[in-house]
Amino acid sequence: MVLVGGHSARSREVCTELGEKLGCEVEFFHAIDPEPEVRHVNDLIAFLRRETKSQVDCVVAVGGGSVIDVAKAAAALAPVTDKADDFFFGRRAIERRGIPLVALPTTAGTGAEITKNSVLIERASKIKQSIRSIHMIAGAAVCDAELTYCMPAHLTAHSGMDALTQGIEAFCSRSATDTTRSFALNGIRLIMQYLPRAFADGADREARNGMCEGSLWVALSFSQSSLGAVHGLAHPIGSLLGIAHGLCCAILLPHVLELNIRLGAQIIETLAEAIGFHGKVSDLIREIRTFNRQFGIPENVAPFGLNREHFEFVLKHCRSSSMRNNPVELSDDDILNFLEKLC
Ligand SMILES: [Fe+2]
């Protein structure tokens, strides 16, 4: 068995304990950055192919979205290739399941433990996109809030705001159904109730449990309904400027909601009504801004150096499936005007 973990000592502890309890030979792989790149998948594939000589029966990923995403892609690809690049650029598709994967998330936010995609950056081009395949879905996901107890406050805020964004975008998605909307609503309510508490006191078990459950509801929703313009834009902006994914989503969320409502996305009013703001989108946006201030998240991306020279890249790489599911269509001019205001 190969355990893939983050850098936290806690993950190592969990990995060791798991290996002992399962009574099997365990190899560790830890070298993954918070914003994972294609090269990290290639490194893990090389590791797995070396270890496969002594038969890897299972890959267990213990960590945040980056760890799970890298493990997902590498476990699927290791039996067929030593490079993920062709799959990242869509030149090849994953045709069968690879090494069985178990995912244990240590953050409450990304939903990577149950989704079919692995979000990666290709360093040379700075392109951030997904390898997607149903064959990459983990065979089992263990969502235990106890694994999130030691998560630092800033990571709690970033991953939690990613989950909130995913919930809101899943609810408002063009591909949403009544079922996915009810899943998203469950998640949004829990996250809005518990995220400030989990941020203020990481040892608040009720809040950690609420965040874990909320994040899972949201993942069950967006894995079927897709997302929206926050995720469409956060990928190129984040990879270009080196902004962590959850942080980038948190910054963009209130701005994108304002843009969408200006362009007539009435579904946001339905959402505001359903979560107790009596249909007042302005109150929902104000609440999100209050969260961001409380978590020390900046109001826009200007501190990270966004300028007009970046606009062409963002425009070229924002037209993902997330963007296609935004509740209103955004023209190139809409996006350029939006970016102008973010600087
Ligand atoms: Fe996200």
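Residues numbered from 1 in each chain as written. Predicted model: local features only at pLDDT ≥ 70, side-chain atom pairs only at ≥ 80, totals over all residues. Heavy atoms only, no water.

**Observations concerning the coordination of the iron ion**
Phase 1 of the analysis: At this site the iron ion is bound by Asp162 (OD), Gln166 (OE1), His231 (NE2) and His245 (NE2), with donor distances of 2.1 to 2.2 Å.
Phase 2 of the analysis: With 4 donor atoms in place around the iron ion and angles of 86 to 159° between them, the coordination shape is irregular.
Phase 3 of the analysis: Positions of the donor residues of the iron ion along the chain correspond to the pattern D-x3-Q-x64-H-x13-H. Pair noted here: Asp162 is in helix H5 (residues 153-172) and His245 is in helix H9 (residues 245-262), with a separation of 83 residues, a long-range link.
Phase 4 of the analysis: The exposure class assigned to Asp162 is buried, which follows from its relative accessible area of 2%. (Donors = N, O, S within 2.8 Å, 3.2 Å for Na, K, Ca; no water. Tetrahedral: all angles 85-135°; square planar, octahedral: opposite > 155°, others 65-115°. Helix = DSSP H or I, 4+ residues; strand = E, 2+ residues; numbered from the N terminus. Buried < 20%, exposed > 50% of the residue type's maximum accessible area, 1.4 Å probe, protein only.)

**Focus on the packing of aromatic side chains**
Phase 1 of the analysis: Evaluation of the coordinates by the stated rule reveals 5 aromatic pairs.
Phase 2 of the analysis: Ring centres of Phe183 and Trp217 lie 5.3 Å apart, and the angle between their planes is 45°; this geometry places the pair in the tilted category. Taken as a pair, Phe183 in helix H6 (residues 178-200) and Trp217 in helix H7 (residues 205-225) lie far apart in primary sequence, 34 residues in all.
Phase 3 of the analysis: Here Phe199 and Phe295 contribute two aromatic rings whose centre-to-centre distance is 4.7 Å and whose plane-to-plane angle is 50°, an arrangement assigned as tilted. Of this pair, Phe199 sits in helix H6 while Phe295 is found in the loop between helix H11 (281-294) and helix H12 (311-317), placing the two residues 96 residues apart along the sequence.
Phase 4 of the analysis: Judged by its relative accessible area of 7%, Phe295 is buried.
Phase 5 of the analysis: An aromatic cluster of three or more residues is present, and its members are Phe199, Phe291 and Phe295.
Phase 6 of the analysis: The ring of Phe171 carries Arg181 above its face, with NZ or CZ at 5.4 Å from the centroid. (Phe/Tyr/Trp six-rings, centres within 6.5 Å; stacked < 30°, edge-to-face > 60°. Lys NZ or Arg CZ within 6 Å of the ring centre and 35° of its normal.)

**Thoughts on the pairing of strand S6 (residues 127-132)**
Phase 1 of the analysis: Of the pairings in the sheet, the one linking strand S5 (residues 117-122) to S6 comprises 6 bridges and is antiparallel in character. Residue pairing across strands places Val119 opposite Ser130, the latter belonging to S6.
Phase 2 of the analysis: Here S5 folds back onto S6, and the loop between the two strands holds 4 residues, one of which, Lys126, carries a positive phi near 60°. (Pairing = 2+ DSSP bridges.)

**Considering the nonpolar core**
Phase 1 of the analysis: Core analysis: the biggest nonpolar cluster contains 70 residues, and Leu233, Ile237 and Leu252 have the highest contact counts within it.
Phase 2 of the analysis: With 10 residues, H9 is the largest single contributor of residues to this core.
Phase 3 of the analysis: In this structure, Leu252 is in contact with Val230, Leu233, Ala234, Ile237, Phe338 and Leu342, ignoring residues within four places of it in sequence.
Phase 4 of the analysis: Within the second largest apolar cluster, 36 residues are counted, among which are Val2, Ala84, Ile94 and Ala112. (Core = buried A, V, L, I, M, F, W, Y, C linked by side-chain atoms within 4.5 Å. Contact = heavy atoms within 4.5 Å.)

**Focus on the domain arrangement of the chain**
Phase 1 of the analysis: Segmenting the chain into domains produces domain 1 (2-143) and domain 2 (152-342).
Phase 2 of the analysis: Computed from C-alpha coordinates alone, the two centres of domain 1 and domain 2 are separated by 25 Å.
Phase 3 of the analysis: For the pair domain 1 and domain 2, the summed buried surface comes to about 1600 Å²; carbon and sulfur atoms form 64% of the total.
Phase 4 of the analysis: Inspection of the domain 1/domain 2 interface yields 0 salt bridges.
Phase 5 of the analysis: Across the domain 1-domain 2 interface, the total number found is 6 residue pairs in polar contact (both at pLDDT 80 or more).
Phase 6 of the analysis: Within the residue set of the side of domain 1 that touches domain 2, elements represented by two or more residues are S5 and S6. (Domains from an automatic or database assignment. Buried area = accessible area lost by both parts, 1.4 Å probe. Salt bridge = Lys/Arg side-chain N within 4 Å of Asp/Glu carboxyl O. Polar contact = N/O pair within 3.5 Å; in protein donor to acceptor, adjacent residues only side chain to side chain.)

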